[in-house]
Amino acid sequence: MILYGGGDHALGLWEICQLRGIVVKGFFDDGEGPFALPKEAHLGAYDPTIYPEEPIIVAITDNTIRRNLSLRIKHPIAPPLVHPHAYVAPSATLENGVVVLAGAVIHSQSYIGAHAIINSGAIVEHFARIGAFTHLSPGVIAACRSEVGEGCFIGTGAIIVPHVSVGEGCIVGAGSLVLHKLPPFTRAWGHPAKSQAESPLL
Ligand SMILES: CC(C)(COP(=O)(O)OP(=O)(O)OC[C@H]1O[C@@H](n2cnc3c(N)ncnc32)[C@H](O)[C@@H]1OP(=O)(O)O)[C@@H](O)C(=O)NCCC(=O)NCCS
């Protein structure tokens, strides 16, 4: 395994690999550090000729950067990396590049798209669908048959109620309660979540 990214998120994934007995050959990082990972494991900037057969996980939480890097990678994308203290139902589908952190629950018949992050303690209930490159922050609940589109950022502890959909590229604030459908690229927060005016973030 190789990680792409050497920051705090990468450290969490490095430790999952240790717990799972997966050997990490090192990490690529195009920056100079400082890194959360051991400096001696730094393989330098991304280079497709280094361990070219080794599977890789893009260990970066920013959805746009994660997407852009994944598009230029030549290494095979690793199968889902799941913390040993997460629950993944046998009937759930997880695409390659997905990471699932400690305490997360991914229930029956749910679907997690490529390179999504299901962070600590997040819950994806049965038949829910989470799009590629989306990040569910710690403690998010995506209730049964809810849908979160591609490239969404869902803040810590937010709740998406059953059968509600969040369009692609949405940002949902921490602690929000999403009761109604959010159109693509909406920024929303609050209790219940209300759509916010446009901002430079988008
Ligand atoms: C939604 C979010 C991205 C907005 O960030 P932002 O555009 O920088 O917004 P600001 O911090 O400038 O806040 C703008 C206003 O919205 C309010 N606001 C922001 N986030 C809010 C939230 N989650 N719930 C309620 N109100 C919120 C602020 O209080 C502020 O109100 P004010 O102008 O009356 O003071 C951010 O607040 C957030 O919730 N991030 C989640 C972080 C997180 O969970 N990270 C997990 C990492 S693992």
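Residues numbered from 1 in each chain as written. Predicted model: local features only at pLDDT ≥ 70, side-chain atom pairs only at ≥ 80, totals over all residues.

(A) Local environment of the sheet that holds strand β15 (residues 147-148). Read from one edge of the open sheet, five strands run β6-β9-β12-β15-β18, paired in parallel fashion. The sheet is open, and its two borders are formed by β6 (93-94) and β18 (165-166), each paired with just one other strand. Sheet topology note: the β15/β18 ladder contains two bridges and is parallel. If you follow Val 148 over to β18, its bridge partner there is Val 166. (Pairing = 2+ DSSP bridges. Helix = DSSP H or I, 4+ residues; strand = E, 2+ residues; numbered from the N terminus.)

(B) How the structure looks around the nonpolar core. Counting residues in each nonpolar core, the largest one holds 59 residues, and the members touching the most others are Tyr 4, Ile 57, Ile 118 and Ala 142. Per-element tally for this core: the top contributor is helix α1 (residues 8-20), with four residues. Both domains that furnish three or more residues to this core are identified here as domain 1 (2-72) and domain 2 (81-191). Setting aside residues up to four positions removed in sequence, Ile 118 forms contacts with Val 100, Leu 101, Ala 104, Ile 106, Ile 112, Val 124 and Leu 136. (Core = buried A, V, L, I, M, F, W, Y, C linked by C-beta atoms within 7 Å. Buried ≥ 20, exposed ≤ 12 C-beta atoms within 10 Å, placed from the backbone. Domains from an automatic or database assignment. Contact = placed C-beta atoms within 7 Å.)

(C) Structural view of the sheet that holds strand β1 (residues 2-4). One open sheet accounts for three strands, arranged β2-β1-β3; its pairing is parallel. Strands with a single pairing partner mark the edges of an open sheet, and in this sheet they are β2 (26-28) and β3 (56-58). Across this sheet, the average inter-strand angle for adjacent strands is 25 degrees, counted without regard to direction. Bridge count for β1 against β2 is three bridges, and the pairing is parallel. Each residue of the ladder has a partner; that of Tyr 4, found in β2, is Phe 28. (Axes fitted to C-alpha atoms, helices over the stretch in contact; angles between N-to-C directions.)

(D) Up close: the environment of Cys 144. Locating Cys 144 in the fold gives a position in the loop between β14 (141-142) and β15. Excluding residues within four positions of it along the chain, Cys 144 makes contact with Glu 125, His 126, Phe 127, Ala 128 and Pro 162.

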